[in-house]
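Residue-level structural notes
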Amino acid sequence: MDLYEAMRTTFAAREFTDEPLPDAALFEILDRARFAPSGGNRQGWHVIVVRDRATREAVAKATLPAAKRYTAQGKAGENPWNSVEPTSVDAATIERTEANARLIEPVLRAPVVLVICVDLKVVAATDQYLDRVGIIAGASIYPFAWNILLAARAHGFGGTITTLAVSEEPQIKAALGVPPHVAVCTVMPLGRPVKQLTKLRRRPVPEFAVRERWGGSPLTAEVRA
Ligand SMILES: Cc1cc2nc3c(=O)[nH]c(=O)nc-3n(C[C@H](O)[C@H](O)[C@H](O)COP(=O)(O)O)c2cc1C
């Protein structure tokens, strides 16, 4: 598959056919994905391949509180789970909000679910002393997760990087026996998508790229004198 086509069409697949995704195909996908970059090339990733029903149910249960909050904040016009602006939605409202089913069901229905973890003992987190939420550590694991989705796409499979369940990480770690120094990064349902999207909605370049400094003139394709 053409690289640019893969980049343009690798979407968040949440509905899957009944076609299985056997270990052999999964092995090949991971064998492609392992060439992802990580800080210092430490490759701290670990992948737990989950097919067991009870484990999936435990993960779905762990996803529910965060999904309710996500849905409630979305309804209130907020950017759900952002770490800068405190939510205006109270706990009781969140509790009685029905979570959007598509945030919960893929983990129960997908042919296979990957729980992707990272060993924090080997991850450089250069922003760990800053007064904001940590972002750098994630950069040593999400390119790998994205590579899995790109490789899956090349095989006609698809899935989603999901993170809501991680808000209840202790539950997931207990269900899977993950040790304390390892973080859960994403729960990724994978399978053959019911339909393949070809047009993803994304902002155009001049909306997010500027020249020289924050607030500078938008980057356009025209060459400036
Ligand atoms: C860091 C990250 C976290 C995400 N968490 C979730 C999640 O918890 N649940 C979910 O259904 N989708 C999750 N997504 C998927 C996004 O919603 C999806 O990538 C985005 O809406 C674009 O979808 P599209 O490629 O189909 O256009 C996550 C994506 C990223 C990159």
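Quick summary incoming for the structure in this document. (Residues numbered from 1 in each chain as written. Predicted model: local features only at pLDDT ≥ 70, side-chain atom pairs only at ≥ 80, totals over all residues. Heavy atoms only, no water.)

Observations concerning a nonpolar patch on the surface
Nonpolar side chains collect at one region of the surface, where L3, Y4 and M7 lie side by side and expose about 360 Å² of accessible area between them. Topologically, Y4 is positioned in helix α1 (residues 3-9). Judged by its relative accessible area of 56%, Y4 falls in the exposed class. (Patch = residues over 30% accessible without salt bridge, like charges linked within 9 Å, V, L, I, M, F, W, Y side chains within 5 Å. Areas by Shrake-Rupley, 256 points an atom, 1.4 Å probe, with all protein chains shown as cover. Salt bridge = Lys/Arg side-chain N within 4 Å of Asp/Glu carboxyl O. Helix = DSSP H or I, 4+ residues; strand = E, 2+ residues; numbered from the N terminus. Buried < 20%, exposed > 50% of the residue type's maximum accessible area, 1.4 Å probe, protein only.)

Quick notes on the packing of helix α2 (residues 23-33) against helix α6 (residues 142-154)
In the contact formed by α2 and α6, the axes pass within 8 Å of each other and the chain directions differ by 130°. Relative to α6, the element α2 lies oblique. The handedness of the crossing between α2 and α6 comes out as right-handed. Contacts between α2 and α6 involve I29, L30, R32 and A33 on the former and, on the latter, F144, N147, I148, A151 and A152. In the contact of α2 with α6, the residues fall into seven nonpolar, one polar and one charged. (Axes fitted to C-alpha atoms, helices over the stretch in contact; angles between N-to-C directions. Parallel < 35°, antiparallel > 145°, perpendicular 65-115°, else oblique. Left-handed = near helix turned anticlockwise from the far one by under 90°. Contact = heavy atoms within 4.5 Å. Nonpolar A, V, L, I, M, F, W, Y, C, P; charged D, E, K, R; others polar.)

Let's talk about the site of the ligand
The ligand sits among F11, A12, R14, L103, T160, I161, T162, T163, L164 and R202. Between the ligand and A12 there is a distance of 3.0 Å, counted from an oxygen atom to a backbone nitrogen or oxygen. One of the backbone N or O atoms of T163 is found 2.8 Å from an oxygen atom in the ligand. Compared with its free state, where it exposes 630 Å², the ligand has 62% of that area covered by protein. Split into classes, the residues belonging to the shell around the ligand amount to five nonpolar, three polar and two charged. (Near = heavy atom within 4 Å. Polar contact = N/O pair within 3.5 Å; in protein donor to acceptor, adjacent residues only side chain to side chain.)

Thoughts on the pattern of salt bridges
Taken as a whole and judged by the stated rule, the model has eight salt bridges. Its salt-bridge partner being R192, residue E19 comes within 2.6 Å of it at the nearest N-O pair. Placement of the pair is E19 in the loop between α1 and α2 and R192 in the segment after β4 (182-191), with a sequence separation of 173 residues. Of the residues examined, E19 reaches a relative accessible area of 32% and is grouped as partly exposed. The exposure class assigned to R192 is partly exposed, which follows from its relative accessible area of 24%.

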